[in-house]
Amino acid sequence: QVQLVESGGGLVQAGGSLRLSCAASTSIFSINTMAWYRQTPGNKREFVAASIASGGSSNYIDSVKGRFTISRDNAKNTVYLQMNNLKPEDTAVYYCNARIYETGAIRYEYWGQGTQVTVSS
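What this report covers is the structure whose coordinates are included nearby. Remember, predicted model here, so these are calculated numbers, not experimental data.

### Regarding the nonpolar core
Here is step 1 of the chain: The biggest cluster of nonpolar side chains holds 29 residues, and the ones touching the most others in it are L4, W36, L81, M83 and Y94.
Here is step 2 of the chain: Residue assignment for this core shows that the elements contributing at least two residues are β3 (18-24), β4 (33-39), β5 (46-52), β7 (68-73), β8 (78-83), β9 (92-102) and β11 (115-120).
Here is step 3 of the chain: Broken down by element, the residue count for this core peaks at five residues, all from β9.
Here is step 4 of the chain: Setting aside residues no more than four positions away along its own chain, L4 makes contact with C22, A23, A24, M34, C96, N97, A98, Y110, W111, G112 and Q113.

### Regarding the pairing of β7
Along any regular strand the residues' side chains alternate between the sheet's two faces.
Here is step 1 of the chain: Of the strand pairs in this sheet, β7 and β8 are connected by six bridges, and their pairing is antiparallel. Of the residues in β8, the one forming a bridge with D73 is T78.
Here is step 2 of the chain: The antiparallel hairpin formed by β7 and β8 contains four residues in its connecting segment, where N77 sits at a positive phi of about 50°.

### Comments concerning the side chain of N97
Here is step 1 of the chain: Tracing the backbone through its elements, the reader meets N97 in strand β9.
Here is step 2 of the chain: Judged by relative accessible area, which is 1%, N97 ranks as buried.
Here is step 3 of the chain: Among the polar contacts made by the side chain of N97, one reaches the side chain of E109 at a distance of 3.0 Å.
Here is step 4 of the chain: Not counting residues up to four positions away in its chain, the partners in contact with N97 are L4, T33, M34, A35, Y37, E109, Y110 and W111.

The rules behind the values
- Residues numbered from 1 in each chain as written.
- Predicted model: local features only at pLDDT ≥ 70, side-chain atom pairs only at ≥ 80, totals over all residues.
- Heavy atoms only, no water.
- Core = buried A, V, L, I, M, F, W, Y, C linked by side-chain atoms within 4.5 Å.
- Buried < 20%, exposed > 50% of the residue type's maximum accessible area, 1.4 Å probe, protein only.
- Helix = DSSP H or I, 4+ residues; strand = E, 2+ residues; numbered from the N terminus.
- Contact = heavy atoms within 4.5 Å.
- Pairing = 2+ DSSP bridges.
- Polar contact = N/O pair within 3.5 Å; in protein donor to acceptor, adjacent residues only side chain to side chain.

What follows is the structure, encoded as structure tokens:
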């Protein structure tokens, strides 16, 4: 079992910034992908950003490109989401996600507890 501890959420005005952290209980070298999702009441949990271990690539949902950056600190077993130029529509509970793949399919998946991000207009 991989434990994910998420922190860094809060209240910020539109145009401001927040940095979310996700600390894993194991080396992130053993995790194929680390990602961030978000969810608002009544909606499905939606993908935001992902960091792929192999090749060190990342990808983002279109609405956050150029504003959000996902990064890793391997020594601290921590993944971050730097969120700049926040907009009210970014308001959501943000969740850390870890996936381990085997033979091209998801074998294990873990979630953090979530942290609230609220952006005021």
